[in-house]
Amino acid sequence: MNKATLIIAVSMLASRVLGILREMLLARAAGVTAEKNALDLAFLIPDILNHVVSTGFLSIVFIPIFFGYKAKEDEEGAWKFFSNVLNTLGILFLALIVPSFIWMKELITFFTSAADLPTEILDRATYFGRIILPGQLFIFAGSFLVALQHTRKQFAIPSLTGVIYNLAIIVGGVLGQSHGLEGFAWGVPVGAFVGFFVFQIFGVMRGGFHYRPYFNPRHPDILRYIKMMIPMSFGVGSMFAFEFVIRSFGGVFGSSGISSLNYAYRVMYTLVAVFGFSVGVSSYPDMARLVKEEKYSELNHKIWSSLSRMFTILIPAALTVWALSFPAVRILFERGAFTRETTEYVAKLLHWYLPASLGLCLQAVLVRSFYAKEKMWTPTLINTGIFLLTIPAYLFFADDFGIYVVPIVGALGAIVQVTAMVLLWAKQTGTEGMETALWNMGRALASFAAMVVVAIAIENISYDFVREASIFWLILYSGVIAVILFPACLLVQKAIGSKDADDIFNELVSKVLRKLHLKK
């Protein structure tokens, strides 16, 4: 990993650790009760609004246009564009937030299977949603400040957004524990204000910051920005699709359905954040630069090299989490209102969610390759089209697979989406570096197929132990299994000819030897 990727990966990991800690506190306080389902459901409308203005993709749209001004050495034009797009989109977002606050209950009803939801969940979700919603304004504004820092290849302060955000939610939950889950909800706008706004203002000031009260919605670059944003606003990306399905469809499986799916999804999402997003976010500025310089051969080599190395590490990580699904869920969540029965349930859901992490991590990089070329419609049409085709499957197979239909269909959809993107990218841009990367990725999958037999054997042998052991021994057991499985899976890849696995394994061994002072 280069320095930028390492910074983002570490911050993503820290954010996810805090996110898991947040879920641990929620599990202790509410388990999979109606109150927890209501809090999970409360994020539905804020997430949809963020999707409409493409908050999660602001940097992807912003960076190529901003780089265009920088390439012309037009500093004044760059700052006018920054101010104009922030002001124009900010007014639009505010115009969406106000009516959403007023008609929160009606909107939740519209986007969910409300007939299957008890009134207490719907009313509580409405209350929580109105607390959470204003914080989205700070996330929106802060995303522009983050994008601005990324153009300078400043990743340290932007990487703190998730850390501070989750920390604020945790503090809110602890301080407000006498009021149920209300403190967790209040932590959202506080965390958004501090992490996405205050800290990011400090970050952009370090390299110079020139905001202007400039508003010209008809400016050609604003129209270009909106034109690039529309596909992502009305399309359905994989991450949004997963969370949307959990919240809109999870209620069909009883009052614990949404929360059970959400606990398993959050553990799986840690892999996506640490591996997929860290590589995608750190690589994107260089992708955009190489496109502007028309160095497509170099771009292809960079993309496929990044994907191959990421996949090489991701497979051992996914295998380890798969083998430790039950111990992990028990260690993280089983206390208070989160019972043994819920642990069994969530651990099985996690098994089925893990294949999705492979597709989602690859997508996190591949979609950015299309965006760097300003091909916004291409991944949008692929992802949205395949998602829409999967919707009947959720309904048709619900009776046969029960709640497991959500992760199974979601994982298959994500894998089909990434396959379609790979084929189209190769057809449109070339295949330099692709063959070597695909062979290495194939070896990684082969190692998983071989090692999953070992993982199943470990699960069977330790079945009684992991259910009866104290948390101390369970943590020790998990550490031992992780230390065995992860390098073993890398060694299998290396043995069957993976160059990436060979390089990564040698790097790991060298670092360990240096730590032990056995090598200079």
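From a predicted model like this one, the values you see are computed outputs, not experimental measurements.

(A) How the structure looks around the nonpolar core. Counting residues in each nonpolar core, the largest one holds 159 residues, and the members touching the most others are Phe62 and Tyr225. Top contributing element to this core by residue count: helix α13 (residues 257-292), with 20 residues. Once residues lying within four places of it in the same chain are set aside, the contact partners of Tyr225 are Leu58, Val61, Phe62, Ile65, Phe81, Val85, Leu89 and Phe144.

(B) Just the packing of helix α14 (residues 296-323) against helix α19 (residues 405-429), in detail. With their axes 11 Å apart at the nearest point, α14 and α19 run at an angle of 160° to one another. Between α14 and α19, the angle is such that the two are roughly antiparallel. Regarding α14 and α19, the two cross each other, and that crossing is left-handed. Listed contacts from α19 to Tyr296, Leu299, Asn300, Ile303 and Trp304 of α14 are Val422, Trp425 and Thr429.

(C) Spotlight on helix α3 (residues 44-52). Counting buried positions over the nine residues of α3 gives seven, a clear majority of the element. Those residues of α3 not exposed but buried are Leu44, Ile45, Pro46, Ile48, Leu49, Asn50 and His51.

(D) Focus on the pattern of salt bridges. One pass over the structure, following the stated rule, counts 12 salt bridges. As a salt-bridge pair, Arg124 and Glu35 come within 3.2 Å of each other at their nearest N and O atoms. Of this pair, Arg124 sits in helix α7 (residues 119-132) while Glu35 sits in helix α2 (residues 34-42), and the two are 89 residues apart along the sequence. With a closest N to O distance of 3.8 Å, Asp286 and Lys302 form a salt bridge. Of this pair, Asp286 sits in helix α13 while Lys302 sits in helix α14, placing them 16 residues apart in sequence. Assessed through its relative accessible area of 16%, Asp286 is described here as buried. Of the residues examined, Lys302 reaches a relative accessible area of 23% and is grouped as partly exposed. Connected through salt bridges with shared partners, the residues Arg330, Glu334 and Arg340 form a single ionic network.

(E) Here's a closer look at the environment of Leu148. Position of Leu148 relative to the elements: it lies in helix α8 (residues 135-151). Sequence spacing of Leu148 and Ala34 is 114 residues, and the spatial spacing of their C-alpha atoms is 41 Å. Excluding residues within four positions of it along the chain, Leu148 makes contact with Phe62, Phe66, Trp79, Phe82, Val204 and Phe209.

Thresholds, definitions, all that
- Residues numbered from 1 in each chain as written.
- Predicted model: local features only at pLDDT ≥ 70, side-chain atom pairs only at ≥ 80, totals over all residues.
- Heavy atoms only, no water.
- Core = buried A, V, L, I, M, F, W, Y, C linked by side-chain atoms within 4.5 Å.
- Buried < 20%, exposed > 50% of the residue type's maximum accessible area, 1.4 Å probe, protein only.
- Helix = DSSP H or I, 4+ residues; strand = E, 2+ residues; numbered from the N terminus.
- Contact = heavy atoms within 4.5 Å.
- Axes fitted to C-alpha atoms, helices over the stretch in contact; angles between N-to-C directions.
- Parallel < 35°, antiparallel > 145°, perpendicular 65-115°, else oblique.
- Left-handed = near helix turned anticlockwise from the far one by under 90°.
- Salt bridge = Lys/Arg side-chain N within 4 Å of Asp/Glu carboxyl O.

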